[in-house]
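Structural description and commentary
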Amino acid sequence: MKWYQSRSLVIGAALSALFVLAALVSLVWTPFNYETLDIPNKLQRPGSLHWFGTDHFGRDIFSMIMAGARISLAVAVLAVGIGMGIGVPLGLWAAARSGGWLDEFIMRGNDLVFAFPSLVIAILITATFGPGAVNAIIAIGIFNIPVFARLTRGAALGLWERDFILAARVASKSRLRISVEHVLPNITSLLIVQGTISSALASWPRPVSPTSGSGRSRRAKLGPDAGRCADARHPCFASGAHPRPSHRGDRAGPQPDGRRLARSDGPAHPGGAPMTLLAVENLSVDIHGTPVLRDVGLTLDKGQIVALTGESGSGKSMTSLSIMGLLPQGATARGRVLLEGVDLLTRTEPQLCALRGRAMGMIFQEPMTALNPVHSIGRQVAETIRIHTALPRAEAREQAAAMLDRVGLPAHRFALSRFPHELSGGQRQRVGLAMAIALRPRLLIADEPTTALDVTTQAQILDLLQGLVADFGMGLLLITHDLAVVSQIADRIVVMQKGAVVEHGATRALLAEQRHPYSRMLIGAARVG
Amino acid sequence: MNLAPRPAAVPLLSVTGVARDYIHRTGLFGRATRFRALQDVTFTLHRGERLGLVGESGCGKSTLTRALLGLDPVQEGSITLDGAPVFTDHHANTAVRRRMQVVFQDPYGSFNPRHRVDRLITEPFHLLDHPPQGRARAAAVAEALEAVGMAASDAEKFIHEFSGGQRQRIAIARALIIKPDVIVFDEAVSALDVSVRAQVLDLLADLCRRTPLSYLFVSHDLSVVRSVTDRVMVMQAGRIVEAGPTEAVLTAPTHPYTRALIAAAPVLPDPQRPPHEPASAP
Ligand SMILES: Nc1ncnc2c1ncn2[C@@H]1O[C@H](COP(=O)(O)OP(=O)(O)OP(=O)(O)O)[C@@H](O)[C@H]1O
Ligand SMILES: [Mg+2]
């Protein structure tokens, strides 16, 4: 898409341009002198002479707005400039020296500024240096420093754990150089967003009268609060692009009717109640006109484990993303995806969001993107639980500890206060798992959940998943290329190739018969492996 | 898989009595506890040898990798390459580091998404005093890419244009470009699916046949290690509990932990035999 095809961008750009233009023109020309009092003509209606009318003192409002734009703009640019200019380097530095005394010092200093009521600082500054636009700019600028420092540090910390930074370190590049070359370019989009928000807040449009106290204090108060919303620590950002896996709102522990469902020979149907949890029918997906899925169909009952298998690029992940309603831009889906009888393809995004909050969850393969580097593991798991339940803090923490224990990270060896970077690759993957299962969704989609795990740990995790399925009647869609894993726990197997289902059936039967040549090939490869 | 025969033993990388501690702190002023992640690790990687390291999640494999590469200091013992320490007074030893390279697990995380392949794989040139320029640089890039079965023209592309398997090839090209003496593979194929993994392992064997490589191949997967190493070490809770020729260790393990690891490997049920319940009941 070209930039001019985006309506919001065009409108935003036009408005901003108008604003800047007004500010620039006001330097040389305004319809009236905005400072000239003209009492006889006070409170005029908008008209051909005074376009926006006049105020109590007969000053031309349009002229005041033009001149005000100039000051707003200066405040915005300078205040954000101060915030970014000091905050971003501090944040980068703190992340590069993470855990060191410098990091600690910078972050505690930040907390101090954050904790200070913004109004108090604004008053302090104006009281000391007198009122004026310059002081307002300084006050707002100071508030922007911690906002930017925190945002930068949070985002940068995540990057420092990525392998490409490790590779750069192996190439003996200095921390400063890595920060500038690798970290900064990868967080610019985040900074631009925050910069826009901050400057919008700083340049609250107002007619010229830079000494009016109320306007300034209101802005100053807005600064840090709004900053907090855009802070990477906020839960809505912490989950990144991936919506948190969800759960159905029940409390910990088995349900009253927590019967173990018989699973080995197909689903049980106690009382003849319909047990179908998920039914995908004739699902076809195109991305920009290129077909990626063709007539995919599969069903998953409550308390059942279905494995979706095939080579990379066969459409496994696309199928799971369609179910979650997370298809990329430019994708169109046809067919039906029924979750408990409700067609997900016809749901709107907010409706899907609510479902993702209660009915279906997903475990992603890459553990580091699912975890927030600036929060301890205990806090992350507990917060995930709290977002979806009304559980009090202490109880959520207890439950988090229990969940981490179940994935093999007992609190006596892995304190809840550990950070993701203090864990091994496989341990991080298990924290992600703990987060997903803590919510106990009715449908859990697990995309290659055990790739980073050795066989013994993997066996433990598969056991755990099997237990959840049996105890809570959860439906598990397991996406994996590892047929050996599949053969251990899946009730049914669906084999995909080139965007279509080529074979499906009960695990044992499918492995024994191998009707489709592609399945034979996959199974052969697994046996040799 | 068919690796080239192993040349005579000349010690290259020597690790003696290495211990590595992590400090775990609870909260800002909380109690600090010392956790020993590596304990008395001793082994030698000989020139031209392909050494494997296996062990369960969290046993210290990546910690050892980082220590070998001089990314972290060790608390006890020494790590030397041809007699020179990898880490001297608070800094990695650049003279040694330019002789070592690494390939990481995550094909999606090991490249800066904003750079072209050309720039990505020449990053190790930073280690050289006189990195090749202009024509020579382009030739080096083309050679490295072709060595891993990619086209020289791929240098112009961005990393998102490649699949996981191709990315791991590019990662290997990046490791090969300064012709290091030792390459460390940390779970380099774990994220790849069976057939792509087989291709990358084939590539490795192929590279070994052309030029003798010395590497340490870290993995949690025994079957992977079996196909690309001559000798293997088994690690448990930061200690090396068993070491020996790969085939011997995998077919006749002596340590109970190795046996447990081999026994836990999931296998496809034999269709000939009558079905039985999976042995993983809780
Ligand atoms: N930065 C750190 N601070 C504190 N503890 C750490 C740190 N990094 C790793 N650990 C701990 O050290 C132990 C060894 O971790 P390491 O990353 O070496 O494991 P690994 O063998 O690579 O495991 P995996 O196969 O899961 O990647 C783990 O128990 C881990 O929790
Ligand atoms: Mg590791």
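Please refer to the structure higher up on the page.
Criteria and cut-off values
- Residues numbered from 1 in each chain as written.
- Chains lettered and ligands numbered in written order.
- Predicted model: local features only at pLDDT ≥ 70, side-chain atom pairs only at ≥ 80, totals over all residues.
- Heavy atoms only, no water.
- Salt bridge = Lys/Arg side-chain N within 4 Å of Asp/Glu carboxyl O.
- Helix = DSSP H or I, 4+ residues; strand = E, 2+ residues; numbered from the N terminus.
- Buried < 20%, exposed > 50% of the residue type's maximum accessible area, 1.4 Å probe, protein only.
- Polar contact = N/O pair within 3.5 Å; in protein donor to acceptor, adjacent residues only side chain to side chain.
- Contact = heavy atoms within 4.5 Å.
- Buried area = accessible area lost by both parts, 1.4 Å probe.
- Near = heavy atom within 4 Å.
- Nonpolar A, V, L, I, M, F, W, Y, C, P; charged D, E, K, R; others polar.
- Phe/Tyr/Trp six-rings, centres within 6.5 Å; stacked < 30°, edge-to-face > 60°.
- Lys NZ or Arg CZ within 6 Å of the ring centre and 35° of its normal.
- Core = buried A, V, L, I, M, F, W, Y, C linked by side-chain atoms within 4.5 Å.
- Pairing = 2+ DSSP bridges.
- Axes fitted to C-alpha atoms, helices over the stretch in contact; angles between N-to-C directions.

Quick notes on the pattern of salt bridges
Considering all chains together, one arrives at 28 salt bridges over all chains under this definition. Salt-bridge contacts for B:Arg231 lead to B:Glu49; the nearest nitrogen and oxygen are separated by 2.6 Å. Of this pair, B:Arg231 sits in strand E11 (residues 231–236) while B:Glu49 sits in the loop between strand E2 (32–46) and strand E3 (50–55), and the two are 182 residues apart along the sequence. As far as the burial class goes, B:Arg231 and B:Glu49 line up, both buried. Ionic pairing is found between B:Arg66 and B:Asp72, a salt bridge with its closest N-O pair at 3.0 Å. Accessibility expressed as a relative area gives 10% for B:Asp72, which makes it buried. Overlapping salt bridges bring together A:Lys173, A:Arg177, A:Glu181, B:Arg119 and B:Glu123 as one network.

Topic: the side chain of B:Thr65
All names here are of chain B. Its place among the elements puts Thr65 in helix H1 (residues 61–68). Here the side chain of Thr65 touches Lys61 through a polar contact of 2.8 Å, landing on its backbone oxygen. With near-sequence residues (within four places) excluded, Thr65 lies in contact with Val184, Asp186 and Val218.

A look at the environment of B:Leu13
All names here are of chain B. The residue Leu13 is located in strand E1 (residues 11–25) in this model. On the basis of relative accessibility, which here comes to 1%, the residue Leu13 falls in the buried class. Here the alpha-carbon distance between Leu13 and Val86, two residues 73 residues apart in the chain, equals 9.7 Å. In this structure, Leu13 is in contact with Phe43, Thr44, Leu45, Leu68, Ile79, Thr80, Leu81 and Met100, ignoring residues within four places of it in sequence.

What to know about the interface of chain B and chain A
Counting from both sides, the interface comprises 62 residues of chain B and, opposite them, 56 residues of chain A. Carbon and sulfur atoms make up 54% of the surface buried where chain B meets chain A, a total of about 4,800 Å² over both sides. Put simply, chain B and chain A have two salt bridges between them. Here B:Glu123 and A:Lys173 are joined by a salt bridge, their closest N and O atoms 2.9 Å apart. Looking at the side of chain B that touches chain A, the elements that each hand over two or more residues are E1, helix H2 (94–97), strand E8 (100–103), helix H6 (194–210) and helix H9 (256–264) of chain B. Of the residues forming the side of chain B that touches chain A, the biggest block, four residues, is contributed by H6(B).

A closer look at the site of ligand 1
Around ligand 1 sit 21 residues in total, of which A:Gly426, B:Gly58, B:Lys61, B:Ser62 and B:Thr63 are the nearest. Nearby residues around ligand 1 are contributed by chains A and B. One of the side-chain N or O atoms of A:Gln427 is found 2.7 Å from an oxygen atom in ligand 1. Mapped by element, the contributors of at least two residues to the shell around ligand 1 are helix H15 (425–438) of chain A together with E1, E2 and H1 of chain B. For the shell around ligand 1, the class distribution of residues is six nonpolar, 11 polar and four charged.

A few points about the packing of aromatic side chains
Scanning the model with the defined rule gives three aromatic pairs over all chains in all. Look at B:Phe185 and B:Tyr215: their rings are 5.3 Å apart centre to centre, the planes differ by 80 degrees, and that puts the pair in the edge-to-face class. Placement of the pair is B:Phe185 in strand E9 (residues 182–186) and B:Tyr215 in strand E10 (residues 214–219), with a sequence separation of 30 residues. Taken together, the aromatic side chains of B:Phe185, B:Tyr215 and B:Phe217 make up a single cluster linked through ring pairs. Across from the ring centre of B:Phe35, 5.9 Å away, lies the NZ or CZ of A:Arg418, which sits over that ring. Between the NZ or CZ atom of A:Arg440 and the centre of the ring of A:Phe472, over which it lies, the distance is 4.2 Å.

What to know about the nonpolar core
When a protein is soluble and globular, its nonpolar side chains tend to lie buried together. By size, the foremost hydrophobic cluster in this structure holds 52 residues, and its most contacted members are B:Ile172, B:Phe185, B:Tyr215 and B:Phe217. Broken down by element, the residue count for this core peaks at seven residues, all from H6(B). Contact partners of B:Phe217, with chain neighbours within four places excluded, come to B:Leu51, B:Gly52, B:Leu53, B:Phe185, B:Val189, B:Leu201, B:Leu204, B:Val224, B:Val225, B:Val228 and B:Thr229. Among the nonpolar cores identified, the runner-up in size contains 51 residues, and A:Leu391, A:Val407, A:Leu444 and A:Tyr518 belong to it.

Quick notes on helix H6 (residues 163–170) of chain A
Residues and elements named next belong to chain A. Of all the eight residues making up H6, eight are buried; the element is thus mostly covered by neighbouring parts of the structure. Along H6, the residues classified as buried are Asp163, Phe164, Ile165, Leu166, Ala167, Ala168, Arg169 and Val170. Ser172 sits one or two positions beyond H6 and adopts a positive phi of about 60 degrees.

As for the sheet that holds strand E7 (residues 443–447) of chain A
Residues and elements named next belong to chain A. Taking strand neighbours across the sheet as the criterion, the six strands line up as E6-E7-E8-E3-E9-E10 in an open arrangement whose pairing is mixed. At either margin of the open sheet sits one strand with a lone partner, and together these are strand E6 (360–363) and strand E10 (500–506). In this sheet, neighbouring strand axes are inclined to one another by 15 degrees on average, regardless of whether the strands run parallel or antiparallel. When strand E3 (residues 305–309) meets strand E8 (residues 475–479), the two strands line up parallel, connected through four bridges. Bridge pairing in E8 links Leu308 to Ile479.

What to know about the side chain of A:Ser376
All names here are of chain A. Counting through the fold element by element, Ser376 comes out in the loop between helix H12 (367–370) and helix H13 (377–388). Within the structure, the side chain of Ser376 is placed 3.4 Å from the backbone oxygen of Leu416, a separation counted as a polar contact. Residues within four places of Ser376 in sequence aside, it is in contact with Leu416, Ser417, Arg418 and Phe419.

Comments concerning the sheet that holds strand E4 (residues 331–339) of chain A
Residues and elements named next belong to chain A. The antiparallel open sheet is built from four strands, whose spatial order is E2-E1-E4-E5. Of all the strands in the sheet, the pair left with one neighbour each is strand E2 (290–301) and strand E5 (342–343). For strand E1 (residues 276–287) and E2, the ladder comprises eight bridges, and the chain directions are antiparallel. By the bridge assignment, Ile287 is partnered in E2 with Thr290.

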